[in-house]
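# Structural description and commentary
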Amino acid sequence: MSVKTISKDLIGTKLDRYEFDVEKGKIREFCQAIGETNSIYFDLEAAKKAGYEDIPAPPTYSTVIQFWGYPKIWQDMENMGVDTSRILHLKEKYTYLKPIYPGKVSSQGECVNVTVGKMDTMTFKTTIKNAKGESIVEAEMSIFIRKPEA
Amino acid sequence: MSKIDFDKLEVGYELPPLKTDAITHANLVRYAGASGDFNPIHNDPDFARKTGLDGTIAHGMYVMAQLGRLCTSWADQKQIREFGVTFKNMTKPGQKLTCTGKIKRKKEENGEKLITVSLEAADDSGEVKCSGEMIVVA
């Protein structure tokens, strides 16, 4: 098996645009998986009382949109030369512009940086928009790729 | 409704910490299903060992989600403007996390009162797994 490599030429590569339906049940499932118990994520009345229009998605929910909405990411990464079995997450940053509520969202990721050398890293920026086309979350994810043992 | 009073909070204030139980393999399988991140290094010990790890490791995003719980148990989620972390060490099943936060900076910018909170998730031995910051609009 040849050793895969990434290159700086990947900077600027846009991934496919995709849509995802944020569902209350999926928000509940995610909250249960992370141990979140605040009633605003489970009960519409509690959410409204706290000033939300609908059940909000918790701060790291964007990851659900990215993985469930775009399962092709693994294949894309392999195609870009990434050995996906050796990926580790390095950084994640979210900027929240509007709450994520149940309903259709759309998203598109772009490779915004690559470093090669002692540590190979890639950074993807993803903007998530609501059904009105307004940007609601900006996510920036960096991964690094572990080198095979010498 | 704002839970945060800008004027009453001092730099150095520490958020009530959040402690998790020991993370189990089942937690990670469940997180994989909920998040959609099925990278087998998180759910298949044999696969993880083949890639040079000594067993499965927690999703970084599972650890970030614990810090997220710390943030939303303190601030109203609508007030959180930014939330970012760097992953420093791997979290393994069996480890417990303590998530802490401390006010690092207060500033007024373009008429907004902003509070920067530094965040950290560490295991019982004190090894930091993940650290970062959140910016809250007070």
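One can find the structure itself at the top, above this paragraph.
Residues numbered from 1 in each chain as written. Chains lettered and ligands numbered in written order. Predicted model: local features only at pLDDT ≥ 70, side-chain atom pairs only at ≥ 80, totals over all residues. Heavy atoms only, no water.

## Let's talk about the overall build of chain A
- Counting secondary structure elements, chain A contains four helices and five strands.
- The secondary structure elements of chain A, listed N-terminal to C-terminal, are β-α-α-α-α-β-β-β-β.
- Principal axes of the C-alpha set define a box for chain A whose edges measure 55 × 30 × 20 Å.
- Counting only residues that meet the buried cut, chain A has 51% of its 150 residues in that class.
- Taking as baseline every contact in chain A between residues at least 6 positions apart, the subset at least 24 positions apart corresponds to 68%.
- Surface summary for chain A: the accessible area is close to 7400 Å², and the carbon and sulfur share equals 51%.
- Distance between charge centres in chain A, computed from 21 positive and 21 negative side chains, equals 3 Å. (Helix = DSSP H or I, 4+ residues; strand = E, 2+ residues; numbered from the N terminus. Buried < 20%, exposed > 50% of the residue type's maximum accessible area, 1.4 Å probe, protein only. Contact = heavy atoms within 4.5 Å. Areas by Shrake-Rupley, 256 points an atom, 1.4 Å probe, with all protein chains shown as cover. Lys, Arg positive; Asp, Glu negative; His and termini not counted. Charge placed at Lys NZ, Arg CZ, Asp CG, Glu CD.)

## Describing the pattern of salt bridges
- Here the structure, examined in full by the defined rule, presents 19 salt bridges over all chains.
- Between Lys14 of chain A and Glu110 of chain A there is a salt bridge; the shortest N-O distance is 3.6 Å. In this pair, Lys14 of chain A is assigned in the segment before strand 1 (18-22) and Glu110 of chain A in strand 3 (residues 103-115), connecting sequence segments 96 residues apart.
- Put simply, Lys113 of chain B and Asp7 of chain B hold a salt bridge, and the shortest N to O gap is 3.9 Å. In this pair, Lys113 of chain B is assigned in strand 4 (residues 112-122) and Asp7 of chain B in the segment before strand 1 (18-19), connecting sequence segments 106 residues apart.
- Taking the relative accessible area as the measure of exposure, Lys113 of chain B reaches 28% and is therefore partly exposed.
- Each of the salt bridges in this network shares a partner with another, and the network as a whole consists of Asp16, Lys72 and Asp76 of chain A. (Salt bridge = Lys/Arg side-chain N within 4 Å of Asp/Glu carboxyl O.)

## Things to note about the layout of surface pockets
- By volume, the largest pocket is sized at about 650 Å³.
- If you trace the largest pocket, you find 39 residues lining it, with Ile87, Leu88, His89, Met141 and Ile143 of chain A closest to the centre.
- Mapped onto the lining of the largest pocket, the elements with two or more residues apiece are helix 3 (62-69), helix 4 (73-79), strand 2 (87-96), strand 3, strand 4 (120-130) and strand 5 (135-145) of chain A together with helix 3 (60-74) and strand 5 (128-137) of chain B.
- Ranked by the residues each element gives to the lining of the largest pocket, the list is headed by strand 2 of chain A, at five residues.
- The volume enclosed by the second largest pocket comes to roughly 370 Å³. (1 Å grid on protein atoms, 1.4 Å probe; cavity = no way out; pocket = protein on both sides within 12 Å on 5 of 7 lines; lining within 4 Å. Points joined across faces, edges and corners; volume = space filled by probe spheres on them.)

## Brief notes about the packing of helix 1 (residues 24-34) of chain A against helix 1 (residues 25-35) of chain B
- Between helix 1 of chain A and helix 1 of chain B, whose axes approach to 9 Å, the crossing angle comes to 155°. Compared by their axis directions, helix 1 of chain A and helix 1 of chain B come out roughly antiparallel. Relative to helix 1 of chain B, the crossing made by helix 1 of chain A is left-handed. Within the contact between the two elements, helix 1 of chain A uses Lys26, Glu29, Phe30, Gln32, Ala33 and Ile34 of chain A and helix 1 of chain B uses Arg30, Tyr31, Gly33, Ala34 and Ser35 of chain B.
- Residues belonging to the contact of helix 1 of chain A with helix 1 of chain B are distributed by class as follows: five nonpolar, three polar and three charged. (Axes fitted to C-alpha atoms, helices over the stretch in contact; angles between N-to-C directions. Parallel < 35°, antiparallel > 145°, perpendicular 65-115°, else oblique. Left-handed = near helix turned anticlockwise from the far one by under 90°. Nonpolar A, V, L, I, M, F, W, Y, C, P; charged D, E, K, R; others polar.)

## Details of the interface of chain B and chain A
- Contact with chain B, which involves 35 residues of that partner, is made by 37 residues of chain A.
- Counting each side, the surface lost to burial between chain B and chain A is near 3100 Å², with a carbon and sulfur contribution of 56%.
- The three residues of chain B that bury the most area against chain A are Ala34, Met61 and Gln77 of chain B, which together make up 17% of that side's buried surface.
- For the interface between chain B and chain A, the tally reads one salt bridge. (Buried area = accessible area lost by both parts, 1.4 Å probe.)

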